[in-house]
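Letter by letter, the chains look like this.
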Amino acid sequence: MKRLLTTLTLMLFSYAAAWDFSAAVGSTGEGQTTLRIGATDAWQSEWFVSDSGRLTGYWDVGLTFWDKGNFDKTRYSISASPVLVYEFTGNSTYKPFIEAGIGLALFSGTKVGDQDMGSALHFEDRIGAGVRINQRHILGFRAMHYSNAGFKKPNQGIESYHLYYRYQF
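Residues numbered from 1 in each chain as written. Predicted model: local features only at pLDDT ≥ 70, side-chain atom pairs only at ≥ 80, totals over all residues. Heavy atoms only, no water.

A.B. asks: Please clarify how the layout of surface pockets should be interpreted in this entry.
C.D. replies: A water-sized probe, rolled over the atoms, reveals where empty space remains. Roughly 230 Å³ of volume is contained in the largest pocket. Ala 42, Arg 54, Thr 56, Arg 132 and Gln 168 are, among the 18 residues lining the largest pocket, the residues nearest its centre. For the lining of the largest pocket, the elements supplying multiple residues, two or more each, are strand S3 (53–66), strand S4 (75–88), strand S5 (94–107) and strand S10 (158–167). Ranked by the residues each element gives to the lining of the largest pocket, the list is headed by S3, at four residues. The class makeup of the residues in the lining of the largest pocket is seven nonpolar, five polar and six charged. (1 Å grid on protein atoms, 1.4 Å probe; cavity = no way out; pocket = protein on both sides within 12 Å on 5 of 7 lines; lining within 4 Å. Points joined across faces, edges and corners; volume = space filled by probe spheres on them. Helix = DSSP H or I, 4+ residues; strand = E, 2+ residues; numbered from the N terminus. Nonpolar A, V, L, I, M, F, W, Y, C, P; charged D, E, K, R; others polar.)

Below you can see the structure in the form of structure tokens.
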């Protein structure tokens, strides 16, 4: 499993060489530390363009470190998700936004933090908000929930709440 996770991570990040990069630091709902690095590829399309904003999105792949909890195991996960973004009209320096997405995540084990996840493959649900600064810098807060949707028991699920920074090339 560890070898597969490493191979998939290397493949994703080598493919994403031209993408934008992000870094995040956060915590699970139970208090364990999470660290995440990611790569994003913005969509070229936009919809519902109006005086108040526009809808667009991006592809996101990430590698997350999950600090050990009651199970005394450090875990990693790789994930991929399409993310919808509604960017509000702002001034030329600051543009606030909200985002949401649903993707897939593969964990290096079934026990993560204090949770018995039941399986290694999970859905990744996210919601967040932030601000784009000078078109290149993005600061935001995101809540992410991981669950196997009850396909395998137990299905305790886990959340990660984190602050992130993304640089757009």
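Text resumes after the structure shown.
A.B. asks: I would appreciate a short explanation of empty space enclosed by the protein in the present structure.
C.D. replies: One pass over the structure, following the stated rule, counts one cavity of 30 Å³ or more. Forming the walls of the largest cavity are Thr 34, Leu 35, Arg 36, Thr 64, Trp 66, Tyr 146, Ser 160 and His 162. Of the residues forming the lining of the largest cavity, the biggest block, three residues, is contributed by strand S2 (residues 33–42).

A.B. asks: What should I look at first to understand the sheet that holds strand S1 (residues 20–28) in this one?
C.D. replies: An order of S1-S2-S3-S4-S5-S8-S9-S10 is seen for the eight strands of this closed barrel, with the pairing classed as antiparallel. The mean angle between the axes of side-by-side strands here comes to 25 degrees, regardless of whether they run parallel or antiparallel. Sheet topology places S2 next to S3; nine bridges connect them, and they run antiparallel. Note on S3: the bridge partner recorded for Leu 35 is Phe 65. (Pairing = 2+ DSSP bridges. Axes fitted to C-alpha atoms, helices over the stretch in contact; angles between N-to-C directions.)

A.B. asks: Got a minute to help me understand the pattern of salt bridges in this structure?
C.D. replies: A side chain of one charge can pair with a side chain of the opposite charge if their charged atoms are brought near each other. Tallied over the entire structure, the rule returns seven salt bridges. Its salt-bridge partner being Arg 36, residue Asp 60 comes within 2.6 Å of it at the nearest N-O pair. One end of the pair, Asp 60, is in strand S3; the other, Arg 36, is in strand S2, with 24 residues separating them in the sequence. Exposure remark for Asp 60: the relative accessible area of 2% places this residue in the buried category. With a closest N to O distance of 2.6 Å, Arg 132 and Glu 87 form a salt bridge. Of the two residues, Arg 132 is situated in strand S8 (residues 121–133) and Glu 87 in strand S4; the sequence distance between them amounts to 45 residues. A single salt-bridge network, built from bridges that share partners, covers Arg 36, Asp 60, Glu 124 and Arg 126. (Salt bridge = Lys/Arg side-chain N within 4 Å of Asp/Glu carboxyl O. Buried < 20%, exposed > 50% of the residue type's maximum accessible area, 1.4 Å probe, protein only.)

Everything listed is a geometric property; what it means functionally is a separate question.
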